[in-house]
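So you can see what is in the structure, the chains are spelled out below.
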Amino acid sequence: DRDIGGGMTGVGPILVIGFTDFGEVVDNPAACLARAVDAEKVGRTRVVGRTMPVSYVRSTALTCEIAAEIGAREVIGIGVARRREVTLVERQGRWACSGIPDVDGSLSPRTDGEIVAASDRSVLLATGIGCGLSEDAGAYVCN
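Please read these numbers as outputs of a predicted model, since none were measured by experiment.

A. Structural detail: the nonpolar core. Counting 13 residues, the largest nonpolar core has L15, F19, F22, M52, V54, Y140 and V141 as the members making the most contacts within it. Those elements that provide at least two residues to this core are β1 (14-19), β3 (45-52) and α2 (56-70). Look past the residues within four positions of V141 in its chain and what remains in contact with it is F19, V54, S55, Y56, S59 and D102.

B. Structural detail: the pairing of β3. With six bridges connecting them, β1 and β3 associate as parallel partners. Bridge assignment links I14 to a residue of β3, and that residue is V47. Here strand β2 (residues 41-42) runs beside β3; their pairing, made up of two bridges, is antiparallel. Pairing of V42 across the sheet is with T45, part of β3. The turn linking β2 back onto β3 is made up of two residues, and G43 within it adopts a positive phi angle of 65 degrees.

Cut-offs applied
What you see as residue numbers is a count from 1 along each chain, following the sequence as written. Local features in this predicted model are restricted to residues whose pLDDT is 70 or higher, and side-chain atom pairs enter the listing and the counts only when it is 80 or higher, whereas totals over whole chains, interfaces and linings include all residues. Side-chain descriptors were evaluated using all non-hydrogen atoms of the structure, hydrogens and water having been removed beforehand. Note on terminology: a nonpolar core comprises buried Ala, Val, Leu, Ile, Met, Phe, Trp, Tyr and Cys residues joined through side-chain atoms within 4.5 Å. Exposure classes here rest on a 1.4 Å probe applied to the protein chains alone. A residue is buried below 20% of its type maximum, exposed above 50%, and partly exposed in between. Labels follow the DSSP assignment, with helices taken as runs of H or I lasting at least four residues and strands as runs of E lasting at least two, numbered in each case from the N terminus. Note on contacts: a residue pair qualifies if any of its non-hydrogen atoms lie within 4.5 Å across the two residues. Two strands qualify as a pair provided that DSSP identifies no fewer than 2 bridges between them.

This is how it looks when you write it as structure tokens:
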């Protein structure tokens, strides 16, 4: 294990989720990044990196299952936006549906627009490594 940052200490690990291939996105860089950070450390906090299918139902269930299993204190999801030129941290997510089916052929099971804000700690960590900020996570599975 090598230390990729400092100052973060805590009880449970940080879970980093990266989505796998979908549509025209082959070798999804989000999955590559999640695998790359697995077993790293931020201060004394262990990082667990895992990959997820681009599925509204399966990714949510699997994220909850892994987070509970490892006792995660923070979950950071990574997605890919092909038209973006820089890495951005989404300050909030919302249940929304673009009308594009996931890899299972399903649309989002919820479209009520419920908003979930990212933690200040996640935003600080991400901006501390040179990421920009975005207020809109889009309307696909990674949102």
